[in-house]
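# Geometric and topological summary
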Amino acid sequence: MKKIKLGTSNLMVSEIGLGCMRMADKTVDEAKAVIKASLQNGINFFDHADIYGKGKSEEIFAQAIKELGIKREDIIIQSKCGIDNGTFNFSKDHILKAVDGILERLNTDYLDVLLLHRPDALVEPNEVNDAFRILHASGKVRWFGVSNQSAYQMELLQSGVDYPLIANQVQFSLKHTNLIDHGFNVNMNHESGIYRGAGIIEYARLNHQTLQAWSPFYSGYFESIFIDNDEFIELNMCLEKMAKKYDVSKEAIAVAWILRHPAQIQVLVGSMTPSRINKIAKAGTFKLSHNEWYELYKAAGNKLP
Ligand SMILES: NC(=O)c1ccc[n+]([C@@H]2O[C@H](COP(=O)([O-])OP(=O)(O)OC[C@H]3O[C@@H](n4cnc5c(N)ncnc54)[C@H](OP(=O)(O)O)[C@@H]3O)[C@@H](O)[C@H]2O)c1
């Protein structure tokens with residue numbers, strides 16, 4: 001598995017990471033199996049959030065890591081905070097308290113990366129900086145980033161924060177392409193020209209930040225998985241054709257489509273099924289051509305001007 005540098009940090013992370021949002025519903029043995037499959041495929045990066053299963057995902061992960069005898073320094077752990085009972089809270093007190101909870105549940109002294117989960121309209125960048133300074137000085141958090149933020153939101157936050165924001169975790173898949181649609185339709189009247197994810201990719205590239213794609217197999221906001229889904233026949237035919245050509249699964253093609261983007265996007269997959277992780281991990285063993293990338297984009301129902 002190829003490793004990429006996470007933003008401007010010194011962390012070398014696997015280009016595919018395991019998202020642990022769905023671990024809360026699993027037994028420790030099931031979690032051990034999916035973590036083991038991940039490691040065997042070269043995945044060294046695990047994404048969490050304090051809200052996943054109300055903290056249960058982090059607890060199960062910690063127990064699984066302990067029982068597997070995995071050394072802390074051999075894996076890279078990221079978690080997120082800032083969602084507070086259905087609203088968003090980037091206050092210093094909230095961040096500090098949230099991180100203490102995360103570390104306790106994960107049974108670790110430090111997070112490699114902390115992300116702020118969803119933008120808080122009441123954000124005070126200097127206050128966030130106070131929290132980050134305490135977390136960094138105490139060794140509790142090594143690197144910081146955000147999730148679901150626009151370029152300007154990142155720019156505002158970075159203006160008051162002394163630490164580089166190394167990552168932005170955003171939804172991106174063949175059936176959720178807001179990050180790129182606008183770029184093909186600048187100054188045009190149709191739907192795809194509407195500003196949604198515009199500027200996020202360009203901002204990340206200009207500032208050497210890593211984008212992390214969440215829900216790489218979902219259409220819409222947790223609406224449906226597009227793989228083998230009759231709603232998306234043309235896309236599945238195209239995935240199938242390329243899967244045959246490269247001798248991999250459709251899942252691997254869908255992930256390879258994200259990896260093909262020159263922004264070096266890290267893909268966070270959420271499957272808790274070891275056999276799926278094995279299939280998905282093959283995404284990095286080949287490179288889609290320029291034409292194939294566009295063919296898939298169009299097969300997903302997107303129109304180019
Ligand atoms: N920052 C944010 O706001 C945010 C939001 C959502 C998620 N995330 C992160 O992104 C990670 C991934 O999100 P996700 O779990 O929604 O992503 P995903 O990888 O697109 O979806 C995984 C889910 O799809 C199911 N699935 C069904 N058919 C599948 C197939 N053919 N191939 C692959 N999966 C299939 C999996 O089931 P099985 O387990 O049975 O394989 C699993 O429940 C999360 O764990 C979390 O770390 C972040």
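A few points on the structure. (Residues numbered from 1 in each chain as written. Predicted model: local features only at pLDDT ≥ 70, side-chain atom pairs only at ≥ 80, totals over all residues. Heavy atoms only, no water.)

### Let's talk about the side chain of Lys250
Filter applied, for reference: What counts as a helix is a DSSP run of H or I of at least four residues, what counts as a strand is a run of E of at least two, and both are numbered from the N terminus. Polar contacts, as used here, are pairs of N or O atoms within 3.5 Å; protein pairs need one atom able to donate a hydrogen and one able to accept it. Residues neighboring in sequence count only if both atoms are side-chain atoms. Note on definitions: a residue-residue contact is assigned when non-hydrogen atoms from the two residues lie within 4.5 Å.
Tracing the sequence through the fold places Lys250 in helix α9 (residues 250-259). Among the polar contacts listed, one links the side chain of Lys250 to the side chain of Asp228, at a separation of 2.7 Å. For Lys250, the residues in contact, after removing those within four places along its chain, are Ile227, Asp228, Asn236, Leu239, Glu240 and Ala243.

### Thoughts on the packing of helix α3 (residues 92-106) against helix α4 (residues 125-137)
In plain terms, the rule: A fitted line through C-alpha atoms serves as each axis, taken over the contacting stretch for helices, and the angle formed by two N-to-C directions is quoted from 0 to 180°. If an angle is under 35 degrees, it is roughly parallel; if it is over 145, roughly antiparallel; if it lies from 65 to 115, roughly perpendicular; otherwise it is oblique. Crossings are sorted by hand: turned counterclockwise from the far helix by less than a right angle, the near helix makes the crossing left-handed, and turned clockwise it makes it right-handed. Ten residues, namely Ala, Val, Leu, Ile, Met, Phe, Trp, Tyr, Cys and Pro, are considered nonpolar, four, namely Asp, Glu, Lys and Arg, are considered charged, and the remaining ones, Gly among them, are considered polar.
Interhelical geometry of α3 versus α4 gives an angle of 30° and a closest axis separation of 8 Å. Classed by the angle they form, the pair α3 and α4 counts as roughly parallel. Note that α3 runs across α4; the crossing there is right-handed. Contacts from Lys92, Ile95, Leu96 and Val99 of α3 reach α4 at Glu127, Val128, Asp130, Ala131, Ile134 and Leu135. Among the residues making up the contact of α3 with α4, the classes are represented as 7 nonpolar, no polar and 3 charged.

### Quick word on the pairing of strand β5 (residues 76-81)
The cut-off we apply is this: Exposure classes here rest on a 1.4 Å probe applied to the protein chains alone. A residue is buried below 20% of its type maximum, exposed above 50%, and partly exposed in between. DSSP calls a pair of strands paired once it identifies at least 2 bridges connecting them. Orient the strands so they point away from the viewer; a crossover is then right-handed if the path from the first strand over the helix to the second runs clockwise.
For β5, the buried fraction is high: 6 of the 6 residues fall into the buried class. Side chains of β5 alternate between two faces, with Ile76, Gln78 and Lys80 and Ile77, Ser79 and Cys81 buried alike. With 3 bridges joining them, strand β4 (residues 45-47) and β5 adopt parallel strand pairing. In the strand pairing of β5, Asp47 is matched with Gln78. Handedness of the crossover joining β4 and β5 through helix α2 (residues 56-68) is recorded here as right-handed.

### Some details on helix α1 (residues 28-40)
Here is the rule: By this rule, a helix spans an expected 1.5 Å times one less than how many residues it contains.
With 13 residues, α1 ought to run about 18 Å at 1.5 Å a step, and its terminal C-alpha atoms sit 18 Å apart, in line with that. Within α1, burial applies to Ala31, Lys32, Val34, Ile35, Ala37 and Ser38. Those residues of α1 hidden inside the fold are in contact with β3 (16-19), β4, α2 and α10 (274-280). Positive backbone phi, at 90°, marks Gly42, one or two positions downstream of α1.

### Regarding the nonpolar core
Rules: Within this scheme, the nonpolar core is defined by two criteria: the residues are buried Ala, Val, Leu, Ile, Met, Phe, Trp, Tyr or Cys, and they are joined through side-chain atoms within 4.5 Å.
Counting residues in each nonpolar core, the largest one holds 86 residues, and the members touching the most others are Leu18, Met23, Phe61, Ile95, Leu114, Trp257 and Leu296. For this core, the leading source of residues is α9, giving 8 residues. Once you skip the residues sitting within four places of it in the chain, Leu114 turns out to touch Ser79, Lys80, Cys81, Ile95, Val99, Ile102, Phe132, Leu135, Val141, Trp143, Phe144 and Gly145. One finds Leu11, Val13, Ile76 and Val113 within the second-largest nonpolar core, a separate group that totals 12 residues.

### Examining the site of the ligand
To be explicit about the condition: Throughout, the term near means that a residue has one or more heavy atoms lying within 4 Å of the molecule or strand in question. Accessible surface area values rest on a Shrake-Rupley calculation with a 1.4 Å probe, where residue burial reflects the displayed protein chains alone.
Taken together, 27 residues form the shell around the ligand, and within it Arg22, Asp47, Ser215, Ser271 and Arg276 come nearest. In this structure, an oxygen atom belonging to the ligand sits 3.4 Å away from a main-chain N or O atom of Cys20. Gln169 places a side-chain nitrogen or oxygen 2.9 Å from a nitrogen atom of the ligand. Protein contacts shield 88% of the accessible area of the ligand, which totals 910 Å² for the unbound molecule.

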